[in-house]
Amino acid sequence: MSAPRRLCEVRRAEARDIPGVIALCRKVYPTSPPWTETQLETHQLVFPEGQMVAVDEQGTIVGMAASLIILWDDYDALGSWRDFTASGHFTNHDPTHGRTLYGAEIMVDPMWQGHGVGSHLYRARQQLAESMGLLRIRAGARLPGYAEVSQTLSSFEYVLAVVSGRRRDPTLSFQLARGFHVFDVVHGYLQHDPESLGWAALIQWINPAVATPEDYGVSDPRLAAYMPRVAV
Ligand SMILES: CC(C)(COP(=O)(O)OP(=O)(O)OC[C@H]1O[C@@H](n2cnc3c(N)ncnc32)[C@H](O)[C@@H]1OP(=O)(O)O)[C@@H](O)C(=O)NCCC(=O)NCCS
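The shown structure was predicted, so the numbers you read here are calculated from the model rather than taken from an experiment.

**Student:** I keep staring at the pattern of salt bridges and nothing clicks. Help me out?
**Tutor:** Pairing between side chains becomes possible if they bear opposite charge and their charged atoms approach one another. For the structure shown, the criterion picks out 7 salt bridges. Note that Asp 17 and Arg 11 form a salt bridge whose closest N and O atoms lie 2.8 Å from each other. Residues Asp 17 and Arg 11 agree in their burial class; the two are buried. Residues Glu 195 and Arg 142 are paired through a salt bridge, measuring 2.7 Å at the closest nitrogen-oxygen approach. In this pair, Glu 195 sits in the loop between β6 (181-187) and β7 (199-206) while Arg 142 sits in strand β5 (residues 136-142), placing the two residues 53 residues apart along the sequence. Taken together, the salt bridges that share partners define one network made up of Glu 9, Arg 11 and Asp 17.

**Student:** Got a minute to help me understand the site of the ligand in this structure?
**Tutor:** The environment of the ligand is made up of 20 residues, and the closest members are Val 108, Gly 114, Gly 116, Gly 118 and Ser 119. In this structure, a nitrogen atom belonging to the ligand sits 2.5 Å away from a main-chain N or O atom of Gly 114. Side-chain polar atom of Arg 178 to an oxygen atom of the ligand: 3.0 Å apart, as the coordinates give it. Contact with the protein chains covers 69% of the free accessible surface of the ligand, which is 940 Å². Elements represented by at least two residues in the shell around the ligand include exactly β4 (100-108), α4 (117-131), β5 and α6 (172-177). Grouping the constituent residues of the shell around the ligand by class yields 8 nonpolar, 9 polar and 3 charged. The two domains that each donate at least three residues to the shell around the ligand are domain 1 (1-134) and domain 2 (141-227).

**Student:** Sorry, what's going on with helix α2 (residues 37-46) here?
**Tutor:** For an α-helix the count is 3.6 residues per turn, leaving residues at separations of three or four pointing the same way. Along α2, the residues that are buried comprise Gln 39, Leu 40, Thr 42, His 43 and Gln 44. Of the surrounding elements, those touching the buried residues of α2 are α1 (18-28), β2 (51-56) and β3 (61-70).

**Student:** I keep staring at the packing of aromatic side chains and nothing clicks. Help me out?
**Tutor:** For any pair of aromatic rings, geometry is given as the distance between the ring centres together with the angle between the planes. For the structure shown, the criterion picks out 9 aromatic pairs. Aromatic rings pair up to connect Trp 72, Tyr 75, Phe 84, Tyr 102 and Phe 183 into one cluster. One cation-aromatic arrangement involves Arg 125 over Tyr 122; the distance from NZ or CZ to the ring centre is 5.7 Å. Just above the ring of Phe 183 sits the side chain of Arg 138; from NZ or CZ to the centre is 4.0 Å.

**Student:** For this particular structure, what's the right way to read the environment of Gly 217?
**Tutor:** Structurally, Gly 217 is set in the loop between β7 and α7 (221-224). Considering only alpha carbons, one finds Gly 217 and Met 227, 10 residues apart in sequence, at a separation of 8.4 Å. Not counting residues up to four positions away in its chain, the partners in contact with Gly 217 are Phe 183, Gln 204 and Met 227.

About the criteria used
- Residues numbered from 1 in each chain as written.
- Predicted model: local features only at pLDDT ≥ 70, side-chain atom pairs only at ≥ 80, totals over all residues.
- Heavy atoms only, no water.
- Salt bridge = Lys/Arg side-chain N within 4 Å of Asp/Glu carboxyl O.
- Buried < 20%, exposed > 50% of the residue type's maximum accessible area, 1.4 Å probe, protein only.
- Helix = DSSP H or I, 4+ residues; strand = E, 2+ residues; numbered from the N terminus.
- Near = heavy atom within 4 Å.
- Polar contact = N/O pair within 3.5 Å; in protein donor to acceptor, adjacent residues only side chain to side chain.
- Areas by Shrake-Rupley, 256 points an atom, 1.4 Å probe, with all protein chains shown as cover.
- Nonpolar A, V, L, I, M, F, W, Y, C, P; charged D, E, K, R; others polar.
- Domains from an automatic or database assignment.
- Contact = heavy atoms within 4.5 Å.
- Phe/Tyr/Trp six-rings, centres within 6.5 Å; stacked < 30°, edge-to-face > 60°.
- Lys NZ or Arg CZ within 6 Å of the ring centre and 35° of its normal.

This is the structure:
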């Protein structure tokens, strides 16, 4: 296997990137690639700043991140990805009232995973939230390592083992290492994700520049020990 080429940049996605993003989706999720051309076009229309691509030095799309702004209180906390994203169309994007940047997608070409592209996309997303003065970034983390231990652990026990560092999950551990923490564990979040058995960890990064202590709450006291310390 040849060594991946050098990452060139993370930048705002443009209309010309859509075929490359579709090709990336097929590489990462060959059996059920997410996102249609129409959805990607709508994302760029409603919230251009929230759509990012990582590009190698030859201009190939090797990673992408898609976000929108929502007013979290408009939704059931146990809602699904479809609810938070208007079935993937982002037509619920609400920059006027919303204080939450919702991370609807992040993916990296398998040939490039483990080379810092995902971290780069996460940093760019965090900079966007900071520059817009948003309270937080929230997302649902898949739990791809859960299916293989589900006979012996509940989903909550699995998530606790990952947040405490006793287990490693390919997705959740990456997100925790980027400064996110888990505030709930929910079922039915993603419809087509057999590895997670329908479970997801709700994760958030809180912007310390605008947060108050009340913003650091979690649904279950067992998760509280893994929250960041609050400066009062
Ligand atoms: C989750 C995902 C986005 C992470 O992207 P990535 O590009 O592999 O992430 P990074 O390379 O930045 O970081 C992965 C690890 O590699 C390490 N790493 C960073 N640069 C590296 C390098 N040059 N060489 C080797 N390892 C490196 C990082 O330190 C990180 O380890 P850590 O989590 O223990 O800190 C990617 O694996 C992916 O697309 N998965 C499939 C889709 C998915 O599950 N998306 C999430 C939806 S909720």
